[in-house]
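Chains, contacts and geometry: an overview
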Amino acid sequence: MSNDNTKPTKEQKHQTRQQRLKEKVDERIANATDEKGLLIVITGNGKGKSTSGFGTVARAVGHGLKASVVQFIKGTWECGERNLLEQHDVDFFVMGTGFTWETQNKDKDTAAAQAAWLDAKKLLQDEQVDVVLLDEITYMVTYGYIELEDVISALNNRPSGQHVIITGRACHRQLIELADTVSEVQPIKHAFDNGIKAQAGIDW
Ligand code: ATP
Ligand code: MG
């Protein structure tokens, strides 16, 4: 095989490409200088929204930040994240009896949602709280149990450095517009569809 020294080798081409990429990434990193409390939305029909929210809470706690969680759907199961994170000074506010997927009493559900929202609003006014996870709050807005305007106003008036994570399917368009970072988890496959039941440590 002839060896033409003037032609860049595959390795050299790769290196040039990577160098260009690095320059672009470095430039973007240099330009990202602002710091502020973020509103993050994790929505969509795939699995991974609440786990993402709790993962961020764990990350924050690992950096010594104060985090609190409001769970807007009272599951019938205990919650592994709660068992762990409560040992690390994360406060949990869980929607009281009244609302699960099973209930069909709108007045009772509304009262339960409103009570949880009151807990959330207090956190959104608390300078000491660095991170607030509002798990499954999207449904409360969709079902009309809490007012969208009230949620938007509480988010807009929260302490400027406070991060908020919203999870749940079908997030309202206006919350998506307000957010700094939005991810949609798409379902490709789910074990449940193949008859595999929800399992402790993985699904709750
Ligand atoms: P996770 O808590 O595992 O991150 P999630 O918050 O994205 O899930 P939710 O809509 O809150 O999803 O549903 C909670 C429960 O339903 C979890 O146990 C989860 O494993 C399960 N689940 C999530 N997505 C699906 C799906 N596409 N099909 C069936 N079950 C699902
Ligand atoms: Mg969830």
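Here the structure is a predicted model, which means the values were calculated and not measured.

As a volume, the second largest pocket reaches approximately 210 Å³. Together, Lys36, Leu38, Ile40, Thr56, Arg59, Ala60, His63, Leu65, Val131, His163 and Ile165 line the second largest pocket. Going through the elements one at a time, helix 2 (49-62) and strand 5 (163-167) are the ones with two or more residues in the lining of the second largest pocket. Examining the composition of the lining of the second largest pocket, we find that 3 residues originate from one element, helix 2, more than from any other. Looking at the lining of the second largest pocket residue by residue, the classes come out as 6 nonpolar, 3 polar and 2 charged.

Taken together, 13 residues lie near ligand 1, and Lys47, Gly48, Lys49, Thr51 and Asp203 sit nearest. Within the contact set of ligand 1, an oxygen atom lies 2.9 Å away from a backbone nitrogen or oxygen of serine 50. Contacts to ligand 1 include aspartate 203, whose side-chain N or O atom sits 2.6 Å from an oxygen atom. Calculation on ligand 1 without its partners gives an accessible area of 570 Å², and the protein chains cover 79% of this total. For the shell around ligand 1, the element with the highest residue contribution is helix 2, accounting for 3 residues. Of the residues belonging to the shell around ligand 1, the class tally is 2 nonpolar, 6 polar and 5 charged.

A few words now on the UniProt feature "domain: Cob(I)alamin adenosyltransferase N-terminal" (unreviewed entry) in the protein. As recorded in UniProt, the feature "domain: Cob(I)alamin adenosyltransferase N-terminal" (unreviewed entry) lies at residues 10-29. With 100% helix and 0% strand, residues 10-29 has its two end C-alpha atoms placed 28 Å apart.

Before going further, it helps to spend a moment on the sheet that holds strand 2 (residues 67-71). Strands sit in the order 3-2-4-5-1-6 across an open sheet of 6 strands; the sheet is parallel. Both outer strands of the open sheet, strand 3 (91-94) and strand 6 (181-184), are each paired with one neighbouring strand and no more. The sheet shows a mean angle of 10° between the axes of neighbouring strands, direction not considered. Its contacts with the sheet put helix 2 on strand 1 (39-43), strand 2, strand 3, strand 4 (131-135) and strand 5, and the angle it makes with strand 4 is roughly 165°. Contacting strand 2, strand 3 and strand 4, helix 4 (residues 106-123) runs over the sheet at an angle of about 160° to strand 2.

Listed as protein donors to the magnesium ion (ligand 2) are Ser50 (OG) and Glu136 (OE); their distances from the metal cover 2.1 Å. Highlighted residues: serine 50 in helix 2 and glutamate 136 in the loop between strand 4 and helix 5 (137-142), separated in sequence by 86 residues. The pair formed by serine 50 and glutamate 136 is uniform in burial state, with each residue classed as buried.

For the structure shown, the criterion picks out 8 salt bridges. Here glutamate 177 ties to arginine 173 by a salt bridge, and the two come within 3.3 Å at their closest N and O atoms. On the criterion of helical spacing, the pair formed by glutamate 177 and arginine 173 is a turn pair, its members being 4 residues apart in helix 7 (residues 173-178). Comparing glutamate 177 with arginine 173 shows no difference in burial state: the two are exposed. Via salt bridges that share partners, Lys66, Asp89 and Asp91 belong to a single interconnected network.

Procedures and definitions
- Residues numbered from 1 in each chain as written.
- Chains lettered and ligands numbered in written order.
- Predicted model: local features only at pLDDT ≥ 70, side-chain atom pairs only at ≥ 80, totals over all residues.
- Heavy atoms only, no water.
- 1 Å grid on protein atoms, 1.4 Å probe; cavity = no way out; pocket = protein on both sides within 12 Å on 5 of 7 lines; lining within 4 Å.
- Points joined across faces, edges and corners; volume = space filled by probe spheres on them.
- Helix = DSSP H or I, 4+ residues; strand = E, 2+ residues; numbered from the N terminus.
- Nonpolar A, V, L, I, M, F, W, Y, C, P; charged D, E, K, R; others polar.
- Near = heavy atom within 4 Å.
- Polar contact = N/O pair within 3.5 Å; in protein donor to acceptor, adjacent residues only side chain to side chain.
- Areas by Shrake-Rupley, 256 points an atom, 1.4 Å probe, with all protein chains shown as cover.
- UniProt positions renumbered as here; feature names shortened; annotations may be inferred.
- Pairing = 2+ DSSP bridges.
- Axes fitted to C-alpha atoms, helices over the stretch in contact; angles between N-to-C directions.
- Contact = heavy atoms within 4.5 Å.
- Donors = N, O, S within 2.8 Å, 3.2 Å for Na, K, Ca; no water.
- Buried < 20%, exposed > 50% of the residue type's maximum accessible area, 1.4 Å probe, protein only.
- Salt bridge = Lys/Arg side-chain N within 4 Å of Asp/Glu carboxyl O.

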